[in-house]
Amino acid sequence: MKSLLSALLLSSALFTTANATNIGVAMSSFDDNFLTILRLAMQSSAEGKPDVQLQFEDAQTDIGRQLDQVNNFVAQGLDAIIVNPVDASATQPITAAAAAAGIPLIYVNRQPVEKLPESGVSFVGSDEYQAGTLQMTEVCRLLGGKGKVNIIMGDLAYEAARVRTKAAEDVLKKPECAGITVADKQAGKWTRISGADLVTNWLSAGLDVNAIIANNDEMALGAIQALKGVKKPLGAGEGKIVVGGIDATQDAMKAMKADELAVTVFQDAAGQGKGALETALKMIAREPVEQNVWIPFELVTPANLATYDSRN
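Note that the structure is predicted; figures quoted are calculated from it, not measured.

**Brief notes about the packing of aromatic side chains**
One pass over the full model with this rule turns up 3 aromatic pairs. Arranged with centres 5.9 Å apart and planes meeting at 70°, the rings of Phe123 and Trp294 form a pair that is edge-to-face. In this pair, Phe123 sits in strand 5 (residues 121-125) while Trp294 sits in strand 11 (residues 292-294), placing the two residues 171 residues apart along the sequence. Owing to a relative accessible area of 0%, Phe123 belongs among the buried residues under this scheme. Look at Phe266 and Tyr308: their rings are 5.3 Å apart centre to centre, the planes differ by 45°, and that puts the pair in the tilted class. One end of the pair, Phe266, is in strand 10 (residues 264-266); the other, Tyr308, is in helix 11 (residues 305-308), with 42 residues separating them in the sequence. Of the two residues, Phe266 and Tyr308, both sit in the buried class. Stacked on the ring of Phe30, the Lys or Arg Arg39 has its end atom at 4.0 Å from the ring centre.

**As for the pattern of salt bridges**
What the rule picks out here adds up to 12 salt bridges. For Lys189, the salt bridge identified is with Asp155, shortest N-O distance 3.9 Å. Of this pair, Lys189 sits in the loop between strand 7 (179-187) and helix 7 (192-204) while Asp155 sits in the loop between strand 6 (146-153) and helix 6 (159-171), and the two are 34 residues apart along the sequence. Exposure remark for Lys189: the relative accessible area of 55% places this residue in the exposed category. According to the relative accessible area criterion, Asp155 is buried, its value standing at 19%. With a shortest N-O distance of 2.8 Å, Asp251 and Arg192 are connected by a salt bridge. With Asp251 in helix 9 (residues 250-257) and Arg192 in helix 7, this pair connects stretches of sequence that are 59 residues apart. Owing to a relative accessible area of 28%, Arg192 belongs among the partly exposed residues under this scheme. Beyond isolated ion pairs, a larger network of salt bridges with shared partners links Lys166, Asp170 and Lys173.

**Regarding helix 3 (residues 63-76)**
Taking 1.5 Å as the rise per residue, helix 3 with 14 residues should run 20 Å; its terminal C-alpha atoms sit 20 Å apart, in good agreement. Residues Gln66, Gln69, Val70 and Phe73 constitute the buried set of helix 3. Buried residues of helix 3, viewed axially, fall in a sector of 95°; they line one side. Along helix 3, exposed side chains directed more than 90 degrees from the buried face belong to Asp68 and Ala75. On the buried face of helix 3, the contacting elements are strand 1 (21-27), strand 2 (52-58), strand 3 (80-83) and helix 4 (92-101). A distance of 2.9 Å separates the backbone nitrogen of Gly64 from a side-chain oxygen at the start of helix 3, and that oxygen is part of Asp62.

**Concerning unusual backbone geometry**
It is generally the case that most residues other than glycine have a negative phi and that most peptide bonds are trans. Even without glycine at this site, Trp190 takes up a positive phi of about 70°. Along the chain, Trp190 falls in the loop between strand 7 and helix 7. By relative accessible area, Trp190 is classed as buried at 15%. One non-glycine residue, Asp247, lies in positive phi territory at about 135°. Within the secondary structure layout, Asp247 lies in the loop between strand 9 (242-244) and helix 9. Exposure remark for Asp247: the relative accessible area of 7% places this residue in the buried category.

Calculation rules
Residues numbered from 1 in each chain as written. Predicted model: local features only at pLDDT ≥ 70, side-chain atom pairs only at ≥ 80, totals over all residues. Heavy atoms only, no water. Phe/Tyr/Trp six-rings, centres within 6.5 Å; stacked < 30°, edge-to-face > 60°. Helix = DSSP H or I, 4+ residues; strand = E, 2+ residues; numbered from the N terminus. Buried < 20%, exposed > 50% of the residue type's maximum accessible area, 1.4 Å probe, protein only. Lys NZ or Arg CZ within 6 Å of the ring centre and 35° of its normal. Salt bridge = Lys/Arg side-chain N within 4 Å of Asp/Glu carboxyl O. Expected span 1.5 Å × (residues − 1). Arc of directions from axis to C-beta. Contact = heavy atoms within 4.5 Å. Polar contact = N/O pair within 3.5 Å; in protein donor to acceptor, adjacent residues only side chain to side chain.

Right, here's the structure in full:
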């Protein structure tokens with residue numbers, strides 16, 4: 001009787017799994033604060049849906065590894081695939097694999113450079129141009145439309161780095177900001193240490209700017225670390241250096257409270273994660289979805305800091 005009961009329970013479990021909605025999620029990296037929030041939001045959202053099961057894979061920033069993971073999802077015959085691409089310019093094989101198998105594909109956070117098929121593939125994320133515009137517009141206001149700024153770009157393999165930087169430079173073409181010049185710009189690796197290293201090099205070369213903006217908060221925090229190391233005054237005002245980031249992470253909020261980070265831009269990691277899962281479920285159910293599902297960016301300053309204090 002005991003063995004029969006065990007067999008029935010196993011059979012029931014297998015039946016439940018087989019009839020669940022199974023979604024594969026290929027993340028570019030688990031070792032990233034923002035992407036961790038995004039991933040946990042997907043997981044939390046799925047936990048409220050007992051019939052939805054997620055299978056997470058970490059590509060460890062390896063394009064080939066991520067393609068292998070997607071091919072494995074295809075081989076398993078999963079109901080949908082969500083991908084946070086390692087490289088937005090190298091997604092064509094992923095798109096082709098999902099399309100050939102007729103599996104709904106949702107890209108999240110990093111928008112593919114390729115032109116996506118009109119059906120079967122969607123992107124959930126935020127408009128990177130808006131992020132760079134909001135950031136530099138506020139920095140322009142803080143500088144009174146005059147001064148010099150250095151830009152720490154992200155890895156240029158990512159569309160976000162290129163678009164956020166272009167948006168910031170476009171703001172400086174506006175009449176009210178035309179008195180601000182870009183003294184230097186260098187690419188980092190989205191990490192705190194790369195931001196610190198770049199600013200340390202600039203300091204060694206005689207850094208003389210009124211602001212440093214970074215394409216994300218981690219690099220901005222690295223900049224702050226380097227500037228504090230040589231006791232450079234931070235914040236808005238005469239003789240101080242304005243530092244700006246993007247993402248509104250918890251560490252960035254702490255730096256803003258300490259009057260070290262002057263501006264950041266809230267990117268809704270949880271909203272993107274939840275939106276990706278909801279889009280996947282709609283596509284599985286053959287409900288209509290937009291090809292681009294936009295989650296808005298929002299400006300964060302000391303004046304409205306409390307509103308965003310715990311959102312990322």
